[in-house]
Amino acid sequence: MSDGDSSAATAAGGDRAAEIDTAGAAADATDRRRLGAVVLAVLISQVLLYPGVPDLVVALGAPAGIDAGMWFLVAEFGAFVTFAVVWGALSDALGTRVPLIVTGALGGAASYVALASLPGLGLGFGAALLVRVVGGALTIGAFSLSITLLMDLRGGNGRNMGTAGFAIGLGAAVGSVVGGSLAGLGALYPVYAGAVVLAAAGLLAATVDDRAATAAASDSGASDSASETDGGGFRDVLARARTTPGLLVPLAFGFVDRLTAGFFALVGVYYFQDPATFGLSAAGAGATLALFFVPFALLQSPFGALSDRIGRFLPVVAGSLAYGVATVGVGVAPAYPIAAALMILVGVCGALMAPATMALVTDLVEPEVRGAAMGLFNVFGSLGFLAGFLVGGSATGAFGYTPAFLAVGGLELAIALALLPAVRSLSPGAGVIGRLGAEG
């Protein structure tokens, strides 16, 4: 072959590679949007119930008061804790995620229908808690594995996790506003709506390209990794994720961040509706929660991309410190406009730290154990929600709202300060801003 022929062949090969890369990027973008929509729908279905919890638990046979609302939320998140890693490690061992996402979403929708049917069947609140456990065990599969499948895409870990964070925040915002309005029409309306939205999430997930196996192969660059995963199976996948150096750091931040979110989901709803504080309606409380969730959603993607450029240190640590201070501020606000403005600030700070924290998980783990690692992250997050419900509900019942807000905000501050050196060592930062944060 002549030099001219060789050059032409090389150019043609380069053009084909560029076409493949372009097509792959377009496919990633499409799946990124669809997976973001799945996460959005799952969050909407979940949060739809929160503003109306005080009336819903009564309709399901419980006595009025924060204790019943606490156990209603705890039942679901207890199942999240138990089954998040199970779904993730199973998907890694099987090399597939989409069928499991579809199963979890459709099963979760069926559990909502069952929950709404309980009052007509004459079954009590104990049956409702059991249904919540089953529904939580199914729904966490759809939620966790959709985020894991986003991790499998190219385009930057911060960007992909920013998409997940945007969907989480927007879903919570939409769910809180719509759920509050539906609760005003009837206690069970948000449950029926949640079933419809969760079923739609399952149908949409079925259209996504399953990248679990190809991501592991392409990112590790060797068939040895694939054979390790196939040969090791479920236990090996889980063990490898659990022993990843440094993984405990984002898990700890995930725990405390979700703790505050769980606190707001329970105590915040009662706090804003209590006649002794602000006396809002269920719709008003839902709209107030949306003041947090809207900026939390809209800023996730740009802040996630920012963490790709400057590193995870500043977004995680500075975001957590500011988040803790703003949380305390909501609890001591003397008037509703001040509390509402601080809720917006809480959302901005949450948007700064959340995608960077999730991206740090992706940075640390091998591709073939991403499902288990994200499952562990969601276990710690669900434990945080549980702690937020239990600590928030118990502290509020025993001491009142202000001490409860001080305790939760103070814990966020303590974790951020304690783990500052560890975050610096894992992600020292890049660029001028990142270096300033890491060195300062």
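Residues numbered from 1 in each chain as written. Predicted model: local features only at pLDDT ≥ 70, side-chain atom pairs only at ≥ 80, totals over all residues. Heavy atoms only, no water.

## Looking at the overall build of the protein
Next, step 1: When helices and strands are tallied, the protein shows 18 helices and zero strands.
Next, step 2: Considering only intrachain contacts with a sequence separation of at least 6, the fraction spanning at least 24 residues in the protein is 86%.
Next, step 3: Total accessible area computed for the protein in this model is approximately 16,100 Å², and 69% of it derives from carbon and sulfur atoms. (Helix = DSSP H or I, 4+ residues; strand = E, 2+ residues; numbered from the N terminus. Contact = heavy atoms within 4.5 Å. Areas by Shrake-Rupley, 256 points an atom, 1.4 Å probe, with all protein chains shown as cover.)

## Brief notes about the side chain of Ser-144
Next, step 1: Here Ser-144 is to be found in helix 5 (residues 125–151).
Next, step 2: By relative accessible area, which is 0% here, Ser-144 ends up buried. (Buried < 20%, exposed > 50% of the residue type's maximum accessible area, 1.4 Å probe, protein only.)

## Let's talk about a nonpolar patch on the surface
Next, step 1: The grouping of Phe-166, Val-294 and Leu-298 at the surface amounts to a nonpolar patch, some 240 Å² of accessible area in total.
Next, step 2: Structurally, Val-294 can be placed in helix 11 (residues 282–298). (Patch = residues over 30% accessible without salt bridge, like charges linked within 9 Å, V, L, I, M, F, W, Y side chains within 5 Å. Salt bridge = Lys/Arg side-chain N within 4 Å of Asp/Glu carboxyl O.)

## A closer look at the confidence of the model for the protein
Next, step 1: Per-residue confidence for the protein gives a mean pLDDT of 81, with 82% of residues at or over 70.
Next, step 2: Looking at the elements of the protein, mean pLDDT is at its lowest for helix 18 (residues 431–439), recorded as 45, and at its highest for helix 7 (residues 189–205), recorded as 95.
Next, step 3: Across residues 213–232 the pLDDT falls below 50, and counting only partners more than four positions away or on other chains, this stretch makes 20 contacts in the model.
Next, step 4: Low pLDDT (under 50) marks residues 430–440, which in the prediction has 17 contacts with non-local residues, meaning those over four places away or in another chain. (pLDDT = per-residue confidence, 0-100.)

## Section: the packing of aromatic side chains
Next, step 1: For the structure on display, the rule yields 15 aromatic pairs.
Next, step 2: Taking the centre distance of 4.7 Å and the plane angle of 90° together, the rings of Phe-263 and Phe-405 count as edge-to-face. Highlighted residues: Phe-263 in helix 10 (residues 248–273) and Phe-405 in helix 16 (residues 401–418), separated in sequence by 142 residues. Across this residue pair, the class does not change: Phe-263 and Phe-405 are buried.
Next, step 3: Between the aromatic rings of Phe-272 and Phe-278, the centroid separation amounts to 5.7 Å while the plane-to-plane angle is 25°, which identifies the pairing as stacked. Note on accessibility: Phe-272 and Phe-278 belong to one class, buried. (Phe/Tyr/Trp six-rings, centres within 6.5 Å; stacked < 30°, edge-to-face > 60°.)

## A look at the pattern of salt bridges
Pairing between side chains of opposite charge can happen when their charged atoms approach one another.
Next, step 1: According to the stated counting rule, one finds four salt bridges in the structure shown.
Next, step 2: Across the pair Arg-97 and Asp-92 runs a salt bridge whose closest N-O atoms are separated by 3.0 Å.
Next, step 3: Across the pair Arg-312 and Asp-308 runs a salt bridge, and its minimum N-O distance is 3.0 Å.
Next, step 4: Of the residues examined, Asp-308 reaches a relative accessible area of 34% and is grouped as partly exposed.

## Examining the packing of helix 4 (residues 98–121) against helix 5
Next, step 1: Their axes nearest at 8 Å, the elements helix 4 and helix 5 cross at an angle of 155°. As far as their axial angle goes, helix 5 and helix 4 are roughly antiparallel. For the pair helix 4 and helix 5, the sense of crossing is left-handed. Touching Val-98, Leu-100, Ile-101, Gly-104, Ala-105, Gly-107, Gly-108, Ser-111, Tyr-112, Ala-114, Leu-115 and Leu-118 of helix 4 are Ala-127, Ala-128, Val-131, Arg-132, Gly-135, Leu-138, Thr-139, Gly-141, Ala-142, Leu-145, Ser-146 and Leu-149, all from helix 5.
Next, step 2: Of the residues belonging to the contact of helix 4 with helix 5, the class tally is 15 nonpolar, eight polar and one charged. (Axes fitted to C-alpha atoms, helices over the stretch in contact; angles between N-to-C directions. Parallel < 35°, antiparallel > 145°, perpendicular 65-115°, else oblique. Left-handed = near helix turned anticlockwise from the far one by under 90°. Nonpolar A, V, L, I, M, F, W, Y, C, P; charged D, E, K, R; others polar.)

## A word on the side chain of Ser-176
Next, step 1: With respect to the helices and strands, Ser-176 occurs in helix 6 (residues 157–185).
Next, step 2: Here Gly-286 takes part through its backbone oxygen, which lies 3.2 Å from a polar atom of the side chain of Ser-176.
Next, step 3: With near-sequence residues (within four places) excluded, Ser-176 lies in contact with Val-47, Pro-51, Gly-286, Leu-289, Ala-290 and Phe-293. (Polar contact = N/O pair within 3.5 Å; in protein donor to acceptor, adjacent residues only side chain to side chain.)

## Looking at the nonpolar core
Next, step 1: Counting 115 residues, the largest nonpolar core has Phe-72, Leu-115, Val-330 and Phe-389 as the members making the most contacts within it.
Next, step 2: Those residues in contact with Phe-389, other than ones at most four positions away along the chain, are Met-70, Leu-73, Val-74, Phe-77, Gly-262, Ala-265, Leu-266 and Ser-394.
Next, step 3: Ranked by size, the runner-up nonpolar core spans eight residues in total, among them Phe-253, Val-316, Val-317 and Val-423. (Core = buried A, V, L, I, M, F, W, Y, C linked by side-chain atoms within 4.5 Å.)

## Looking at the environment of Tyr-112
Next, step 1: Along the chain, the position of Tyr-112 falls in helix 4.
Next, step 2: Contacts of Tyr-112, omitting those with residues within four sequence positions, involve Ser-45, Gln-46, Leu-49, Glu-76, Arg-132, Val-191, Gly-194 and Ala-195.

## Let's talk about the environment of Ser-111
Next, step 1: As for its placement among the helices and strands, Ser-111 is situated in helix 4.
Next, step 2: Among the residues examined, Ser-111 registers a relative accessible area of 8% and is labelled buried.
Next, step 3: Sequence separation between Ser-111 and Val-134 is 23 residues; the distance between their C-alpha atoms is 7.1 Å.

## Some words on the environment of Leu-251
Next, step 1: The topology assignment puts Leu-251 in helix 10.
Next, step 2: Sequence separation between Leu-251 and Leu-376 is 125 residues; the distance between their C-alpha atoms is 7.5 Å.
Next, step 3: Leave out the neighbours within four places in its chain, and Leu-251 touches Leu-376, Phe-377 and Phe-380.

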